[in-house]
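# Report on the structure
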Amino acid sequence: MERKPFLWLLPILVIWPWACTTHYSLAPVSSGSGPVTHCSTGPHPYILTWGSNGTGNGQFSFPAAVVSGSGGKIYVADFQNSRVEVFNSSGTYQSQWGGVGSGNGQFNGATGVAADASGNIYVTDYQNSRVQKFNSSGTYLSQWGTYGSSNGQFHTPDGIAVDGSGNVYVVDSGLGTIQKFTSAGSYLSQMGGGLLSGPGPLDVDSSGSVYVDDYGNDRIAVFTSTGAYSYSIGSTGSGNGQFNGPFGVRLDGCGNLYVADGYNSRVQEFSVSGTYEYQWGTYGTAAGQFLRPGGLGIDTNGNLYVTDATNNTVQKFQP
């Protein structure tokens, strides 16, 4: 099941009055953000929220992904605004880059964002069928990918992650595959073909095992470092350990796995072997509530960041 943009937007259209509400209150680990210094099994107390619906600085239109990068910067892939916005860890707007188009540094749907240990930022450009690479300030460096189904090509690149060796993993939600590249974009291998339905975000642990949000099958599928299918976590439902549209996945480096359970409006926490541990969030617009949680990020202090695609916000929680 391909997660087409117009299908993603149905929850926003249905709940538009809430999506337009302004939110701001005070009170990553993997993908290159560095080692986590503090993480634990829940509870995870609410810290703050930032963002609102719009096109201005610090606003969002379907924030799809978030990652913690070098210097404590928080990068958010703002899907419908076709840009990446940068904040500090308190949610203060810093900068942005992108814009609608197909030129270098432009996007047609910025869907996923990842950071490597050198501070480089990788962004999946959904409808341009490519990955773009930038430095930590947003200066364009390179790109790879064209439309197609051969090695190194994409239909709709979605989730993206970087392992400890700097290899880049890209999910193609349309083809149902995960491709692995060098940091320069050279194709290495792929996995998941025929096993995944509308896959999205993913993460990679220190041993190279890959955890991918298998959206259409309401599970997290796990693959070995060689690309062999290993096991899955979750099933369809609303009980503990079940999912209704999982839309984000993140490892904390301490053996915990977090899943944004989109239509159940919550985040669930598991051991990496799949044992259910904790959850938080209910349907709503108040602090600690979600309409459609999606992207997950973790900074080096273990704080968790959750994008809400329908509320157009990012919420931050304690380790």
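Quick caveat: nothing in here was measured; it's all calculated off a predicted structure. (Residues numbered from 1 in each chain as written. Predicted model: local features only at pLDDT ≥ 70, side-chain atom pairs only at ≥ 80, totals over all residues. Heavy atoms only, no water.)

### Quick notes on the environment of S230
- Structurally, S230 can be placed in strand β17 (residues 229–233).
- Take S230: its relative accessible area is 39%, and that puts it in the partly exposed class.
- Distance from S230 to Y211, taken between C-alpha atoms, is 10.0 Å for residues 19 residues apart in sequence.
- Apart from the residues lying within four places of it in its own chain, the contact partners of S230 are V222, F223 and T224. (Helix = DSSP H or I, 4+ residues; strand = E, 2+ residues; numbered from the N terminus. Buried < 20%, exposed > 50% of the residue type's maximum accessible area, 1.4 Å probe, protein only. Contact = heavy atoms within 4.5 Å.)

### Some details on the pairing of strand β4 (residues 83–87)
- Burial within β4 is extensive, with five of its five residues counted as buried.
- Here β4 shows two buried faces, one formed by R83, E85 and F87 and the other by V84 and V86.
- Of the strand pairs in this sheet, strand β3 (residues 74–78) and β4 are connected by five bridges, and their pairing is antiparallel. Paired with A77 across the bridge in β4 is V84. (Pairing = 2+ DSSP bridges.)

### Details of the pattern of salt bridges
- A full pass over the atoms with the stated rule returns six salt bridges.
- For D78, the salt bridge goes to R83, with nearest N and O atoms at 2.8 Å.
- Overall, D78 belongs to the buried group, its relative accessible area being 0%.
- The salt bridge involving D214 is made with R219; its shortest N-O contact spans 2.7 Å. One exposure class covers both D214 and R219, and it is buried.
- Residues joined by salt bridges that share partners form a network here, namely D78, R83 and E85. (Salt bridge = Lys/Arg side-chain N within 4 Å of Asp/Glu carboxyl O.)

### A few points about the confidence of the model for the protein chain
- Looking at the protein chain as a whole, the pLDDT averages 90, with 88% of positions reaching at least 70.
- Looking over the protein chain, one finds the lowest element-wise mean pLDDT in helix α3 (residues 16–19), namely 32, and the highest in strand β8 (residues 130–134), namely 99.
- Low pLDDT, under 50, characterises residues 4–30; the stretch is placed with 76 contacts to residues that sit more than four places away or in other chains. (pLDDT = per-residue confidence, 0-100.)

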